[in-house]
Amino acid sequence: MIHSEKINSILEYIEKNIDLQLTVDLLSSKAGLSRFHFHRIFKALIGLNPMEYIEKQRVKRAAFDLVNEKKKKVIDIAFDYGFQSHESFIRTFKKNTGMTPSQFRKEKLDINIRYFDKLGSLDLKLSNGKVIPNPKIVTQKAFTIACIKYKGNDIDAVDLLWQEFWKLRNHYNINSCYYFGVCLHDLDMRNKEVFDYYAGYESSLLMTIPKEMNTLEIPAEKYAQFTHKGSPEKIGLTYDQIYYYWLPFTNCIPTMNMDMIRVDKRFDRDENSEIDIFIPIN
């Protein structure tokens, strides 16, 4: 089991056992890692050490119940989420929110509970004390895709573009081994800059292109190839790992002018889906 899958299993365990006394020794044992390596890997992937993460999850759930479970006593909510005493609950809650549980309930503040998101199942390695994704380095020959295009800065429009593409694919009975999403100028599409996004399939000069589509030439490139494993809706989590844990520490030099995804028969709408991500490098 690769590191991200081990941490995912621990996040799920924490979710189901948030009311129990959880320790780093217990969690590292369940992950099958030494205490030292578990602590390092968890913090590298999650951004918090294990006990900080557990504390924040408990406070968020307690805060939600304080507002939405008005008949429950504060002490009962504390015990529900693994706090050992009323005093420790007040102290921890105030440290994280700036107010006591009673003050929070009185203010009736809204809080959104975000339960854990699974990490994309990337191959990871330890390098100089950092846990980073471990991509394949591949060279692709130049090829052409027949595609439709979006230009703008609306990330949600990318999903709509793919929906439109799948409709055209079905309409014209297009059957290709690979389908591609190519983003130019804005690697992760998280800022407000205008970007060009193309959704299409590999084509050749001998193929008839639907009238709604144009062609895009993809030059020969060397790529760092990653694989997102899991729901397509969570591919952003895999991009986060690439940008936050690979890009700053890799010896590869990304060209920063595009990125590309490739979809094949492994693609699905559920947690068993796989999508390849290609980052051009020098």
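Up top you'll find the structure we're talking about.
Every value quoted in this text rests on a predicted model; they were computed, and no experiment measured them. (Residues numbered from 1 in each chain as written. Predicted model: local features only at pLDDT ≥ 70, side-chain atom pairs only at ≥ 80, totals over all residues. Heavy atoms only, no water.)

Digging into the nonpolar core
Threshold: We call a set of buried Ala, Val, Leu, Ile, Met, Phe, Trp, Tyr and Cys residues a nonpolar core when their side-chain atoms join them within 4.5 Å. Each residue's exposure class comes from its accessible area (1.4 Å probe, protein chains only) as a fraction of the maximum for that residue type: buried when under 20%, exposed when over 50%, partly exposed otherwise. Secondary structure elements are taken from DSSP: a helix is a run of H or I of four residues or more, a strand is a run of E of two residues or more, and numbering for both begins at the N terminus.
The biggest cluster of nonpolar side chains holds 31 residues, and the ones touching the most others in it are Trp-162, Phe-165, Tyr-197, Met-213, Ile-261 and Ile-277. Every element with two or more residues in this core is listed here: strand E4 (143–152), helix H8 (156–171), strand E5 (179–184), strand E6 (195–203), strand E8 (221–229), helix H9 (235–246), strand E9 (258–263) and strand E10 (274–281). By size, the runner-up hydrophobic cluster in this structure holds 30 residues, among which are Leu-66, Val-74, Phe-89 and Met-99.

Comments concerning the sheet that holds E8
As a reminder, the rule being used: Strands were regarded as paired on the criterion that DSSP finds at least two bridges between them. For every element, the axis is a line fit to its C-alpha atoms; helices are fit only across the contacting stretch, and the angle between N-to-C directions ranges from 0 to 180 degrees. Only heavy atoms matter for contacts: two residues are in contact if any of them lie within 4.5 Å across the pair.
Read from one edge to the other, the open sheet built from eight strands follows the order E3-E8-E10-E9-E5-E6-E4-E7, with strand pairing classed as antiparallel. The sheet is open, and its two edges are formed by strand E3 (136–140) and strand E7 (214–218), each paired on a single side. Strand-to-strand twist of the sheet, defined as the mean angle between neighbouring strand axes without regard to direction, takes the value 35°. Sheet analysis places E5 next to E6, joined by six bridges and oriented antiparallel. Bridge assignment links Val-182 to a residue of E6, and that residue is Tyr-198. Packing of H8 onto the sheet brings it into contact with E4, E5, E6 and E9, and relative to E6 it is tilted by some 25°. Running over the sheet, H9 touches E8, E9 and E10 and is turned about 30° from E10.

Some points on helix H4 (residues 50–68)
The cut-off we apply is this: Under the convention used throughout, the expected extent of a helix is 1.5 Å for every residue step, that is, one less than its residue count. Each polar contact in these results corresponds to two N or O atoms within 3.5 Å; when the atoms are within protein, one needs to be able to donate a hydrogen and the other to accept it, and residues that are neighboring in sequence are counted only if both atoms are side-chain atoms.
The end-to-end C-alpha separation of H4 is 27 Å, in line with the 27 Å expected for 19 residues at 1.5 Å each. Along H4, the residues classified as buried are Pro-50, Tyr-53, Ile-54, Gln-57, Arg-58, Val-59, Arg-61, Ala-62, Ala-63, Asp-65, Leu-66 and Val-67. Where H4 begins, the side chain of Asn-49 points an oxygen toward the backbone nitrogen of Met-51, at a separation of 3.0 Å.

Quick notes on the environment of Phe-36
In this fold, Phe-36 is placed in helix H3 (residues 35–46). Each C-alpha atom of the pair Phe-36 and Asp-25 lies 9.6 Å from the other, and the pair is eleven residues apart in sequence.

Notes on helix H2 (residues 24–31)
So the rule is basically this: Arc, as used here, means the arc of the directions from the helix axis to the C-beta atoms.
Regarding H2, the residues found buried are Val-24, Leu-27, Ser-28 and Ala-31. Buried positions in H2, seen along its axis, are confined to an arc of 100° and lie on one side of it. Just downstream of H2 lies Gly-32, where phi reads positive at about 70°.

Let's talk about the pattern of salt bridges
Quick note on the threshold: Whenever a carboxyl oxygen of Asp or Glu lies within 4 Å of a side-chain nitrogen of Lys or Arg, that contact is scored as a salt bridge.
Evaluated as defined, the whole model comprises twelve salt bridges. Note that Arg-61 and Glu-15 form a salt bridge whose closest N and O atoms lie 2.9 Å from each other. Taken together, the positions of Arg-61 in helix H4 and Glu-15 in helix H1 (residues 3–16) put the pair 46 residues apart, joining distant regions of the chain. The buried category is assigned to Arg-61, whose relative accessible area is 5%.

Observations concerning the side chain of Ser-273
In this structure, Ser-273 sits in the loop between E9 and E10. Looking at Ser-273, its side chain comes within polar contact range of the main-chain nitrogen of Asp-268, at 3.1 Å. Look past the residues within four positions of Ser-273 in its chain and what remains in contact with it is His-228, Lys-229, Gly-230, Pro-232, Arg-266, Phe-267 and Asp-268.

Remarks on the packing of aromatic side chains
Under the convention used in this document: Working definition: rings of Phe, Tyr and Trp (its six-membered ring) pair if their centres are within 6.5 Å, and the pair is stacked with planes under 30 degrees apart, edge-to-face with planes over 60 apart, and tilted otherwise. A ring is considered to have a charge above it if a Lys NZ or an Arg CZ atom is located within 6 Å of its centre and within 35 degrees of its normal.
Counted by the stated rule, this structure contains 17 aromatic pairs. When the ring of Phe-93 is compared with that of Phe-104, the centres are 5.4 Å apart and the planes differ by 80°; the resulting orientation is edge-to-face. One end of the pair, Phe-93, is in helix H6 (residues 86–97); the other, Phe-104, is in helix H7 (residues 101–107), and eleven residues separate them in sequence. Through pairs of rings, three or more aromatic residues link up here, namely Trp-162, Phe-165, Trp-166, Tyr-179, Tyr-201 and Phe-267. Over the ring of Tyr-178 we find Arg-262, and its NZ or CZ is 4.6 Å from the ring centre.

Considering the side chain of Thr-238
For Thr-238, the location among the structural elements is in helix H9. There is a polar contact of 2.5 Å between the side chain of Thr-238 and the side chain of His-228.

A short note on the pairing of E9
Along any regular strand, the residues point their side chains to alternate faces of the sheet. In terms of burial, E9 is a largely internal element, six of the six residues being buried. Here E5 pairs with E9 via six bridges, running antiparallel. Paired with Leu-184 across the bridge in E9 is Met-258. Sheet analysis places E9 next to E10, joined by three bridges and oriented antiparallel. If you follow Met-260 over to E10, its bridge partner there is Phe-278.

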